[in-house]
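Okay, here's what each chain looks like letter by letter:
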Amino acid sequence: MSDFNSRVIAEFRANDGHVREAANFGNQLVLLHTVGARSGRDRVNPVMAIRDRRGWLVAASAGGAARDPAWAHNLRAHPNIEIESASGEGVTTTAVTARELDGAEYDDAWERFTHRSPMFDRYAERTAGTRTIPVFVLTPRND
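Residues numbered from 1 in each chain as written. Predicted model: local features only at pLDDT ≥ 70, side-chain atom pairs only at ≥ 80, totals over all residues. Heavy atoms only, no water.

Undergrad: Where do I start with the layout of surface pockets in this structure?
TA: Where empty space is left becomes clear once a probe the size of a water molecule has been rolled over the atoms. Of the pockets and cavities examined, the second largest pocket occupies roughly 240 Å³. For the second largest pocket, the lining is made up of 13 residues, of which Ala37, Arg38, Ala70, His73 and Asn74 are closest to its centre. Every element with two or more residues in the lining of the second largest pocket is listed here: strand 2 (42–52) and helix 2 (70–77). In terms of residues, the lining of the second largest pocket owes the most to one element, helix 2, which gives four residues. (1 Å grid on protein atoms, 1.4 Å probe; cavity = no way out; pocket = protein on both sides within 12 Å on 5 of 7 lines; lining within 4 Å. Points joined across faces, edges and corners; volume = space filled by probe spheres on them. Helix = DSSP H or I, 4+ residues; strand = E, 2+ residues; numbered from the N terminus.)

Below is the structure:
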């Protein structure tokens, strides 16, 4: 895990889910608890999320890198995960199932990301011709 991610995770947990370190996303982050697709090891990644009627939306932008972030591969291999998110009572852990969006669902979700922050348009420009940035919906589940 990068030093940046470690700092973001520590700030998230210390400040009831509010983070300034990560581009001033405030309480718009979730911590994804994934399982490595190949390694089987537990991973934690801070990711910007948009609250949705179904749960949360997350975009695997990787800052416009040519490849999907590892956590996107992990979600495809092991979609039943937990997330930590900000709530009125601090940080809450929720069991969710991740599903990658496509078609009109994808278009609607992507528009929400670009409306929330113009940097997502820049990420899409960087990836043009190499990949489409995946968007996942994280739906709460009852275990």
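Undergrad: Honestly, the pattern of salt bridges in this entry has me stumped. Any pointers?
TA: Side chains that carry opposite charge are capable of pairing whenever their charged atoms lie near each other. Evaluated as defined, the whole model comprises eight salt bridges. Aspartate 52 is paired through a salt bridge with arginine 112; the nearest N and O atoms lie 2.7 Å apart. Of this pair, aspartate 52 sits in strand 2 while arginine 112 sits in helix 3 (residues 103–116); the two residues are 60 residues apart in sequence, bridging distant segments of the chain. Salt bridges sharing partners connect three or more residues here, namely Asp52, Arg54, Arg99, Glu105 and Arg112. (Salt bridge = Lys/Arg side-chain N within 4 Å of Asp/Glu carboxyl O.)

Undergrad: Is there a simple way to explain the sheet that holds strand 5 (residues 90–100) in this structure?
TA: Backbone-to-backbone hydrogen bonds pair the strands of a sheet. The strands run either parallel or antiparallel. Taken together, six strands build a closed barrel; the order of strands is 1-2-3-6-5-4 and the barrel is antiparallel. Between one strand axis and the next, the sheet turns through 40° on average, direction left out of account. Relative to strand 6 (residues 135–140), strand 5 runs antiparallel, the two sharing five bridges. Pairing of threonine 97 across the sheet is with threonine 139, part of strand 6. Packing against the sheet, helix 3 makes contact with strand 2, strand 3 (55–59), strand 5 and strand 6, and its axis sits at approximately 90° to strand 2. (Pairing = 2+ DSSP bridges. Axes fitted to C-alpha atoms, helices over the stretch in contact; angles between N-to-C directions. Contact = heavy atoms within 4.5 Å.)

Undergrad: Explain the pairing of strand 4 (residues 80–87) here, please?
TA: On any regular strand, side chains alternate: one points to one face of the sheet, the next to the other face. Bridge count for strand 1 (residues 29–35) against strand 4 is four bridges, and the pairing is antiparallel. Each bridged residue has a counterpart across the sheet, and for leucine 32 the counterpart in strand 4 is isoleucine 83. Taking the residues between adjacent antiparallel strands as the criterion, strand 4 and strand 5 are bridged by two residues.

Undergrad: How do you make sense of helix 1 (residues 3–14) when you look at a structure like this?
TA: Given 3.6 residues per turn, any residue in an α-helix points the same way as the ones three and four places further on. With 12 residues, helix 1 extends 16 Å between its outermost C-alpha atoms, agreeing within 8% with the 16 Å of an ideal straight helix rising 1.5 Å per residue. Residues of helix 1 that are buried include every one of Asn5, Val8, Ile9, Glu11 and Phe12, and no others. Buried positions in helix 1, seen along its axis, are confined to an arc of 165° and lie on one side of it. Opposite the packed face of helix 1, turned more than 90 degrees from it, sit the exposed residues Asp3 and Ala14. (Expected span 1.5 Å × (residues − 1). Buried < 20%, exposed > 50% of the residue type's maximum accessible area, 1.4 Å probe, protein only. Arc of directions from axis to C-beta.)

Undergrad: Can you help me understand the packing of aromatic side chains in this one?
TA: The geometry of an aromatic ring pair is captured by two quantities: the separation of the ring centres and the angle between the planes. The final tally for this structure, using the stated rule, is six aromatic pairs. Their ring planes at 90° and their centres at 5.9 Å tell us that tryptophan 110 and phenylalanine 120 sit as a pair that is edge-to-face. In this pair, tryptophan 110 is assigned in helix 3 and phenylalanine 120 in helix 4 (residues 119–127), connecting sequence segments 10 residues apart. Linked through ring pairs, Tyr106, Trp110, Phe113, Phe120 and Tyr123 together constitute an aromatic cluster. (Phe/Tyr/Trp six-rings, centres within 6.5 Å; stacked < 30°, edge-to-face > 60°.)

Undergrad: Got a minute to help me understand the nonpolar core in this structure?
TA: What tends to happen in soluble globular proteins is that the nonpolar side chains get buried as a cluster. Ranked by internal contacts, the top residues of the largest apolar core, which has 22 residues, are Leu57, Ala59, Leu101, Trp110, Phe113, Phe120 and Val135. At the level of elements, helix 1, strand 1, strand 2, strand 3, helix 3, helix 4 and strand 6 are the ones that each hand at least two residues to this core. Membership of the second largest hydrophobic core comes to 16 residues, among which are Leu32, Val58, Ala60 and Val96. (Core = buried A, V, L, I, M, F, W, Y, C linked by side-chain atoms within 4.5 Å.)

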